[in-house]
Amino acid sequence: MSKLRIYLVIWVACLGLFCASAVACDKTINVGTNERYWPPYVVLKNNALTGSEIDVIKTIFKGSPFCINFTLLPNSQRALEELKHGRIDLMFAASKTREREVYAHFSLPYREEAMMLYQHTDSAKISSLEQLFKKGLTTGINGGSYLGQAFKALSEKYSEQIVLTSEADKRFALLNKKRVDFVVDDSLVAAYFTKNYAGILPVEQVAPVHVNNVHFIMSKKTITLNEVAVINRLIKNNKAAIKRIYKPY
């Protein structure tokens, strides 16, 4: 075989590898999260992220033009700031707000969440959120959570009674130790932690704090509207698979 033919064979083989790589991954999307222990959604184990949210992301993007890379950040506020400036591309489990729409795109919803109020068996008796705050009681919440306009107004008025924590296990540990009077959290997350703490239960006489759809939130600096459309199609095409992932919970 001549040298020219050998070089041609090598060039064609390399071209084939390049094309296969391009088809497999046209773009890498950097997914940011501050969550390390947020069961059943996210659990960091042996330096790898697991949980239903991670399974959903992998399912949606499997076979797509996008590769996924996960980046751990110290807290949700930092994660949103990184997304705002395009240093990460996408976050999951996001509520849509006007403030966030200034710098971010939102995907179609891929699940619903119910944020509920939880108490210790020794917590004071209340019948509403307003009564909770008027009594001078404290509430632990995730610093990056959006809990609706009604709760936002109350939390701004009674800001000294809000205890911000970045991790769910810390919130419920504080409640178990009675260092906060109440906690607001996702119902599926709470279902996990209330199994570990017999003294923690939902406040049944108070309606859910906030029930809403959750979305992927994407940086306008790095994700185009065409790419948003592709991601929306991926969500639509995987609706049945997404439901199966959440069904056990």
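As a reminder, the structure under discussion sits directly above these lines.
My aim in this report is to walk through the structure given alongside it, one point at a time. A quick note: this is a predicted structure, and the numbers were derived from the prediction, not measured.

### Considering the pattern of salt bridges
Considering all chains together, one arrives at nine salt bridges under this definition. The partner of Arg-111 in a salt bridge is Glu-53, with the nearest N and O atoms 2.9 Å apart. Of this pair, Arg-111 sits in strand β8 (residues 111-120) while Glu-53 is found in helix α2 (residues 52-61), placing the two residues 58 residues apart along the sequence. Measuring nitrogen to oxygen at the nearest pair gives 2.5 Å for the salt bridge that ties Asp-122 to Lys-178. Taken as a pair, Asp-122 in the loop between β8 and α5 (129-134) and Lys-178 in the loop between α7 (168-176) and β11 (182-186) lie far apart in primary sequence, 56 residues in all. The exposure class of Lys-178 is partly exposed, given its relative accessible area of 48%. Through salt bridges with shared partners, one network takes in Glu-53, Arg-111 and Asp-186.

### Structural notes on the packing of α7 against helix α8 (residues 187-196)
Their axes nearest at 11 Å, the elements α7 and α8 cross at an angle of 55 degrees. Taken as axis vectors, α7 and α8 run oblique relative to one another. For the pair α7 and α8, the crossing hand works out as right-handed. Between α7, through Ala-168, Asp-169 and Phe-172, and α8, the contact on the second element is made entirely by Val-189, Ala-190 and Phe-193. Split by residue class, the contact of α7 with α8 holds five nonpolar, no polar and one charged.

### Re the state of the cysteines
For the coordinates displayed, the defined rule picks out one disulfide. Each sulfur in the disulfide pair Cys-25 and Cys-67 lies 2.2 Å from the other. Of this pair, Cys-25 sits in the loop between α1 (3-24) and β1 (27-33) while Cys-67 sits in strand β5 (residues 66-72); the two residues are 42 residues apart in sequence, bridging distant segments of the chain.

### Describing a positive patch on the surface
A cluster of basic residues, Arg-233, Lys-236, Lys-239 and Lys-243, forms a positive patch on the protein surface. Going through the elements one at a time, α9 (225-237) and α10 (239-246) are the ones with two or more residues in the positive patch. The partly exposed category is assigned to Arg-233, whose relative accessible area is 47%.

### Comments concerning α8
Listed as buried for α8 are Val-189, Ala-190 and Phe-193. Taken end-on, α8 shows its buried residues confined to a sector of 95 degrees, consistent with a single buried face. In the core, the buried residues of α8 are packed alongside β2 (37-38), β8, α7 and β11. Taking the backbone nitrogen of Leu-188 as reference, a side-chain oxygen 2.8 Å away marks Asp-186 as the first, capping residue of α8.

### Details of unusual backbone geometry
Looking along the chain, the bond that leaves Pro-39 and enters Pro-40 is cis, with omega of 5 degrees. Relative to the elements of secondary structure, Pro-40 occurs in the loop between β2 and β3 (42-45). Backbone geometry at Asn-47 places phi at a positive 65 degrees, although glycine is not the residue there. With respect to the helices, strands and loops of the structure, Asn-47 is situated in the loop between β3 and β4 (48-50). Of note, the phi angle at Ala-93 is positive, near 55 degrees, even though the residue is not glycine.

### Looking at the sheet that holds β2
In space, the three strands of this open sheet follow the order β2-β3-β4, with antiparallel pairing throughout. Strands with a single pairing partner mark the edges of an open sheet, and in this sheet they are β2 and β4. Here β3 pairs with β4 via three bridges, running antiparallel. Opposite Leu-44, over in β4, you have Leu-49 as the bridge partner.

Reading the values: rules and limits
- Residues numbered from 1 in each chain as written.
- Predicted model: local features only at pLDDT ≥ 70, side-chain atom pairs only at ≥ 80, totals over all residues.
- Heavy atoms only, no water.
- Salt bridge = Lys/Arg side-chain N within 4 Å of Asp/Glu carboxyl O.
- Helix = DSSP H or I, 4+ residues; strand = E, 2+ residues; numbered from the N terminus.
- Buried < 20%, exposed > 50% of the residue type's maximum accessible area, 1.4 Å probe, protein only.
- Axes fitted to C-alpha atoms, helices over the stretch in contact; angles between N-to-C directions.
- Parallel < 35°, antiparallel > 145°, perpendicular 65-115°, else oblique.
- Left-handed = near helix turned anticlockwise from the far one by under 90°.
- Contact = heavy atoms within 4.5 Å.
- Nonpolar A, V, L, I, M, F, W, Y, C, P; charged D, E, K, R; others polar.
- Disulfide = S-S within 2.5 Å.
- Patch = residues over 30% accessible without salt bridge, like charges linked within 9 Å, V, L, I, M, F, W, Y side chains within 5 Å.
- Areas by Shrake-Rupley, 256 points an atom, 1.4 Å probe, with all protein chains shown as cover.
- Lys, Arg positive; Asp, Glu negative; His and termini not counted.
- Charge placed at Lys NZ, Arg CZ, Asp CG, Glu CD.
- Arc of directions from axis to C-beta.
- Polar contact = N/O pair within 3.5 Å; in protein donor to acceptor, adjacent residues only side chain to side chain.
- Pairing = 2+ DSSP bridges.

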